[in-house]
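# Inside the fold
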Amino acid sequence: MNAIRITCVLLLLLLPVSFASAGSGETTATPGPAAQAPLDRESLQRWQQLSPEEKEVLRERYQEYQKLSPEEQQQLQRNLVRFREMDPRQKAQLLERYRRWQGFSPERRENLRRMFQKYQQLDPEQQDRLRQEMQKLQGLSPEDQNRRRKEMRHDFFGRGGMGSGGSMGGMGGGGMGGGRGMSR
């Protein structure tokens, strides 16, 4: 579900565009409350400039959004507001992390989800220590990074570490909440 949330957050950036089809005579997914918002000229122009394939993708994503619970929709909308308030550097970092996430294998994504769940179970002081340790990895060679990640798995999560075959995120210095990204 996290991948859907992230995808929806990014596509919600174009949300005003997705409702523009209502004014152009095209059919869309069942409109929600946001569809009743007045359309501005810029949104309508952006919608009209999209290819039929892009319009269809947006319609499908909107249908996915409609399937979310009201709480998930509200969280997504809050995340959209936070994204829009980010400076360009922060947006670029978030989009790069998302691009990397999309490139991970399903197994690696699942391992990272498990790691994050275990991370959330740590007390705040341990979370801070782990974030600091992750940031220190940036200056190390790849071999030293791997060695240190193994040590950190043991130090923070015991003998079993974070599960089989996974590194401590592989996300550079921001893998375990270096900037707190979007909330769930």
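Residues numbered from 1 in each chain as written. Predicted model: local features only at pLDDT ≥ 70, side-chain atom pairs only at ≥ 80, totals over all residues. Heavy atoms only, no water.

Right, let's talk about the environment of Q145 for a bit. With respect to the secondary-structure elements, Q145 resides in helix α9 (residues 142–157). Judged by relative accessible area, which is 18%, Q145 ranks as buried. Taking the C-alpha atoms as reference, Q145 lies 9.2 Å from M134; in sequence the two are 11 residues apart. Residue contacts for Q145: discarding those within four places in its chain leaves L137, Q138 and L140. (Helix = DSSP H or I, 4+ residues; strand = E, 2+ residues; numbered from the N terminus. Buried < 20%, exposed > 50% of the residue type's maximum accessible area, 1.4 Å probe, protein only. Contact = heavy atoms within 4.5 Å.)

Once that is clear, we can look at the packing of aromatic side chains. Summed over all chains, the structure comprises 4 aromatic pairs. When the ring of Y62 is compared with that of Y65, the centres are 6.1 Å apart and the planes differ by 25 degrees; the resulting orientation is stacked. Here Y62 pairs with Y65, and both are found in helix α4 (residues 52–67), just 3 residues apart, close to one helical turn. Each of the two residues, Y62 as well as Y65, counts as buried. Arranged with centres 6.1 Å apart and planes meeting at 70 degrees, the rings of W101 and F104 form a pair that is edge-to-face. Sitting over the ring of F104, R108 keeps its end group 4.2 Å from the ring centre. (Phe/Tyr/Trp six-rings, centres within 6.5 Å; stacked < 30°, edge-to-face > 60°. Lys NZ or Arg CZ within 6 Å of the ring centre and 35° of its normal.)

As a further point, take the confidence of the model for the protein. Low pLDDT marks stretches whose predicted atomic positions should not be read closely. Predicted confidence across the protein gives a mean pLDDT of 74, with 65% of residues reaching 70 or more. The least confident element of the protein is helix α2 (residues 15–18), whose mean pLDDT is 42; the most confident is helix α6 (residues 88–103), at 93. Overall, residues 160–184 carries pLDDT values under 50, and its contacts beyond four positions in sequence, including any with other chains, amount to 71 contacts. (pLDDT = per-residue confidence, 0-100.)

Contact geometry for α6 and helix α7 (residues 106–121): axes closest at 8 Å, N-to-C directions at 125 degrees. The orientation of α6 relative to α7 falls into the category oblique. Here W101, Q102 and G103 of α6 lie close against α7, whose contacting residues are R109, L112 and R113. Partitioned by chemical class, the residues of the contact of α6 with α7 number 2 nonpolar, 2 polar and 2 charged. (Axes fitted to C-alpha atoms, helices over the stretch in contact; angles between N-to-C directions. Parallel < 35°, antiparallel > 145°, perpendicular 65-115°, else oblique. Nonpolar A, V, L, I, M, F, W, Y, C, P; charged D, E, K, R; others polar.)

Below, the discussion takes up the pattern of salt bridges. For side chains of opposite charge, pairing can occur when their charged atoms come near one another. Within this structure, the stated rule accounts for 10 salt bridges. R61 is the salt-bridge partner of E64, the closest N and O atoms lying 3.7 Å from each other. Here E64 and its partner R61 are both found in helix α4, 3 residues apart, which amounts to about one turn of the helix. Using a relative accessible area of 28% as the deciding quantity, one classes R61 as partly exposed. In this structure, E133 and K136 form a salt bridge, with 3.3 Å as the shortest nitrogen-oxygen distance. Taken together, the residues span about one helical turn, with E133 and K136 both in helix α8 (residues 124–136) at a distance of 3 residues. Using a relative accessible area of 54% as the deciding quantity, one classes K136 as exposed. The structure contains a network of salt bridges with shared partners spanning E133, K136, R147, R148, E151 and D155. (Salt bridge = Lys/Arg side-chain N within 4 Å of Asp/Glu carboxyl O.)

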